[in-house]
Amino acid sequence: MNKKSRKDNPLFAAGLVGALGLQVAACIFLGYWIGSSLGSRFGDEKGWTVGGILVGLAVGILSAILLVKKVMEEADG
């Protein structure tokens, strides 16, 4: 018999997409928080905040890519 893998489950895919979204959102929020904290300490709060958001977005996208890559490697066997 052909045993179904958990990777074939649509709920697994939905959970993965939700986890990716949460991961990117958390990185953006953390970047915002760090940027606004640095902005209030060193001045130019808008610049630091925008910079923190952009760095958080980049880190979130990179971590999402790495997570998808890991899941795809596990699916290949």
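Just above sits the structure.
Since this is a predicted model, take the numbers as computed values, not measurements. (Residues numbered from 1 in each chain as written. Predicted model: local features only at pLDDT ≥ 70, side-chain atom pairs only at ≥ 80, totals over all residues. Heavy atoms only, no water.)

Participant: Got a sec to walk through the overall build of the protein? Specific residues and values, please.
Facilitator: What the protein contains, in helices and strands, is 2 helices and 0 strands. For the protein, buried positions account for 18% of its 77 residues. For the protein, long-range pairs separated by at least 24 residues make up 62% of all intrachain contacts whose partners lie at least 6 apart in sequence. Accessible surface for the protein amounts to roughly 6000 Å². Of this, 69% is attributable to carbon and sulfur atoms. (Helix = DSSP H or I, 4+ residues; strand = E, 2+ residues; numbered from the N terminus. Buried < 20%, exposed > 50% of the residue type's maximum accessible area, 1.4 Å probe, protein only. Contact = heavy atoms within 4.5 Å. Areas by Shrake-Rupley, 256 points an atom, 1.4 Å probe, with all protein chains shown as cover.)

Participant: An account of the environment of Gly 43 is needed here, citing residue identities and associated values.
Facilitator: Tracing the backbone shows Gly 43 in the loop between helix H1 (10-42) and helix H2 (45-76). On the basis of relative accessible area, Gly 43 is assigned to the partly exposed category, the value being 29%. When neighbours within four sequence positions are excluded, Gly 43 is seen to be in contact with Leu 38 and Trp 48.

Participant: I'd like a rundown of the packing of aromatic side chains, residues and numbers included.
Facilitator: A full pass over the atoms with the stated rule returns 1 aromatic pair. An angle of 35 degrees between the planes, with centres 6.0 Å apart, marks the rings of Phe 42 and Trp 48 as tilted. A residue is classified by how much of its surface remains accessible, and Phe 42, at 55% relative accessible area, is exposed. (Phe/Tyr/Trp six-rings, centres within 6.5 Å; stacked < 30°, edge-to-face > 60°.)

Participant: An account of H1 is needed here, citing residue identities and associated values.
Facilitator: Its 33 residues place the ends of H1 48 Å apart at the C-alpha level, agreeing with the 48 Å of an ideal helix rising 1.5 Å per residue. Residues Leu 20, Val 24, Cys 27, Gly 31, Gly 35, Ser 36 and Gly 39 constitute the buried set of H1. Two or three places before Leu 11, at the start of H1, stands the capping residue Asn 9, its side-chain oxygen 3.1 Å from that residue's backbone nitrogen. Among the residues trailing H1, Gly 43 stands out with phi positive, at a value near 90 degrees. (Expected span 1.5 Å × (residues − 1). Polar contact = N/O pair within 3.5 Å; in protein donor to acceptor, adjacent residues only side chain to side chain.)

Participant: Now, about unusual backbone geometry: what can you tell me, with residues and values included?
Facilitator: Phi is positive for Asp 44, close to 55 degrees, though the residue is something other than glycine. The residue Asp 44 is located in the loop between H1 and H2 in this model. Looking at Asp 44, the relative accessible area reads 59%, which means it is exposed.

Participant: Explain the side chain of Thr 49 to me, and be specific about the residues and the numbers.
Facilitator: Secondary-structure assignment places Thr 49 in helix H2. When sequence neighbours within four positions are dropped, the list of residues in contact with Thr 49 reads Tyr 32, Gly 35 and Ser 36.

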